[in-house]
Amino acid sequence: MIKERLKEVQENIVSAKARRSPDKQQDVLLIAVTKNHDIHAMREAIDAGVTDIGENRIQEAKEKFETLDRDVTWHLIGHLQTNKAKQAVKIFDIIHSIDSLHLAEAVNNAAANIGKVQKVLVQVNLAKEDSKSGIYAEDMEELLHKVDEMPNLQLMGLMCIAPNYEDVEECRPLFAEMYKIFNRVKEMTFQTANILYLSMGMTHDYQIAVEEGSNMVRVGTGIFGPRQY
Ligand SMILES: *Cc1c(COP(=O)(O)O)cnc(C)c1O
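What counts, and where the lines are drawn
Residues numbered from 1 in each chain as written. Predicted model: local features only at pLDDT ≥ 70, side-chain atom pairs only at ≥ 80, totals over all residues. Heavy atoms only, no water. Phe/Tyr/Trp six-rings, centres within 6.5 Å; stacked < 30°, edge-to-face > 60°. Helix = DSSP H or I, 4+ residues; strand = E, 2+ residues; numbered from the N terminus. Buried < 20%, exposed > 50% of the residue type's maximum accessible area, 1.4 Å probe, protein only. Salt bridge = Lys/Arg side-chain N within 4 Å of Asp/Glu carboxyl O. Lys, Arg positive; Asp, Glu negative; His and termini not counted. Contact = heavy atoms within 4.5 Å. Near = heavy atom within 4 Å. Polar contact = N/O pair within 3.5 Å; in protein donor to acceptor, adjacent residues only side chain to side chain. Areas by Shrake-Rupley, 256 points an atom, 1.4 Å probe, with all protein chains shown as cover. Nonpolar A, V, L, I, M, F, W, Y, C, P; charged D, E, K, R; others polar. Pairing = 2+ DSSP bridges. Right-handed = clockwise from strand over helix to strand, strands pointing away.

J.: Give me the packing of aromatic side chains: which residues, what numbers.
T.: For the structure shown, the criterion picks out 2 aromatic pairs. On the basis of an interplanar angle of 75 degrees and a centroid distance of 5.3 Å, the ring pair of Phe-65 and Trp-74 is categorised as edge-to-face. Measuring from ring centre to ring centre gives 6.5 Å for Trp-74 and Phe-92, while their planes differ by 75 degrees; the resulting arrangement is edge-to-face. Of this pair, Trp-74 sits in strand β3 (residues 73-76) while Phe-92 sits in the loop between α4 (85-91) and β4 (94-98), and the two are 18 residues apart along the sequence. Here Trp-74 matches Phe-92 in class, with each residue buried. An aromatic cluster is present here, built from Phe-65, Trp-74 and Phe-92 joined pairwise through their rings.

J.: Before we move on, could you go through the pattern of salt bridges and cite the residues and values that matter?
T.: Counted by the stated rule, this structure contains 15 salt bridges. For the salt bridge of Lys-132 with Glu-129, the shortest nitrogen-to-oxygen distance reads 2.7 Å. Taken together, the salt bridges that share partners define one network made up of Arg-19, Glu-169, Arg-172, Glu-211 and Glu-212.

J.: Explain the side chain of Asp-148 residue by residue, including any values.
T.: Here Asp-148 is to be found in helix α6 (residues 137-149). Here Asp-148 occupies a buried position and makes no salt bridge, while the nearest side chain of opposite charge, Lys-146, is found at 12 Å. Those residues in contact with Asp-148, other than ones at most four positions away along the chain, are Phe-190, Gln-191, Thr-192 and Ala-193.

J.: Requested: an account of the site of the ligand, with residues and values cited.
T.: What surrounds the ligand is the set Val-33, Lys-35, Ile-77, Ile-161, Met-202, Thr-203, Arg-218, Val-219, Gly-220, Thr-221 and Arg-227. In this structure, Lys-35 approaches the ligand through a side-chain N or O atom, which is 2.7 Å from an oxygen atom. At 2.9 Å, a side-chain N or O of Arg-218 approaches a nitrogen atom of the ligand. Bound to the protein, the ligand loses 90% of the 390 Å² it would expose on its own. Its residues assigned to classes, the shell around the ligand comprises 5 nonpolar, 3 polar and 3 charged.

J.: Tell me about the environment of Glu-170, and please be specific about residues and values.
T.: For Glu-170, the location among the structural elements is in the loop between β6 (153-160) and α7 (171-187). Glu-170 gets classed as partly exposed once you look at its relative accessible area, which sits at 42%.

J.: Outline the pairing of β6, listing residues and values.
T.: Counting buried positions along β6 gives 7 out of 8 residues, so the element sits mostly inside the fold. As paired elements, strand β5 (residues 118-124) and β6 share 7 bridges and run parallel to each other. Bridging across to β6, Val-120 finds its partner in Leu-155. Running through α6, the crossover from β5 to the neighbouring parallel element β6 is right-handed. Of the strand pairs in this sheet, β6 and strand β7 (residues 197-199) are connected by 3 bridges, and their pairing is parallel. Looking across to β7, one finds that Met-159 is bridged to Ser-199. Following the chain from β6 across α7 to the adjacent parallel β7, one finds a crossover that is right-handed.

J.: Tell me about unusual backbone geometry, and name the residues and values.
T.: A positive phi is found at Asn-36, a non-glycine position, where the angle reads about 65 degrees. In this fold, Asn-36 is placed in the loop between β1 (29-33) and α2 (39-47). Its relative accessible area of 26% is what places Asn-36 among the partly exposed residues. Backbone geometry places Lys-128, a non-glycine residue, at a positive phi of 50 degrees.

Laid out in C-alpha cells, this is it:
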C-alpha cells in the first residue's frame, strides 16, 4: 500500500514539474512525513525509495531515531520550543521551523555545544495566520541576516505552510508569492548561507506548490494514509 501510494505521489510530482515554466529548477525533494506512523511504516517507505523523512514532535522523533535501522535524512517540520533545541540538534539534519531570533539563538547554542553546524530554514507566515508559526515576510530579512551570522547555523532556505483553504486553488497566489520571495533571498548577500530550498506543499496542495516553484514537499497522508490519533 505504502509503496503504491509513494509511487503515485512521485508520479504526481513529475507531472507537476512538467506543467511549470522552464525557468524553474528541476529537482524536487520529497519528504515523507512520518508523524503518527510507526517504525514499520517508516521502514516500508524507506525500502520503497524514501530518502528523507519529516517529523514534527521531538519526543516521537527521538524514539524513532533511536530505533530506526535505516540511513535517512531527518527533517524537523514542526514548531520547535527553545527548551527542546538541545534534543533537536542531535536528531535532525535540517530544521525547517526557525521563526524568531530567540529560537535561532537557542538552536545555535545547542549546535555549538555538540560541535555541529545545524542546517536550518526560516519559516515564513505569509498569510499572517494566528494559528500558525512563522515570521512575517516584512520581518524576514533581518532574521535571515542574523541567522547567517550565527557560526553554528547554516541557512539553507525558506519554508511555509499554506492556509487550509476549502478550495486548494486559493493557495496558488501565496505559493507564487513565496517563490518570488525565495528568488529575492537567493540574490541577497550572505556570509555562509546557501539558499537552496523552498519547502512548501503538503498532501492537499503539493502539486500546486511544485507548479509554483517549490523544490521540497512534505507529504504524509498521501503516502501513509490518514493518521490515527
Ligand atoms: C503534518 C505536516 C505535513 C504533512 O501533512 P499531510 O497533510 O499529511 O501531507 C507537512 N508539513 C507540516 C509542517 C506538517 O506538520
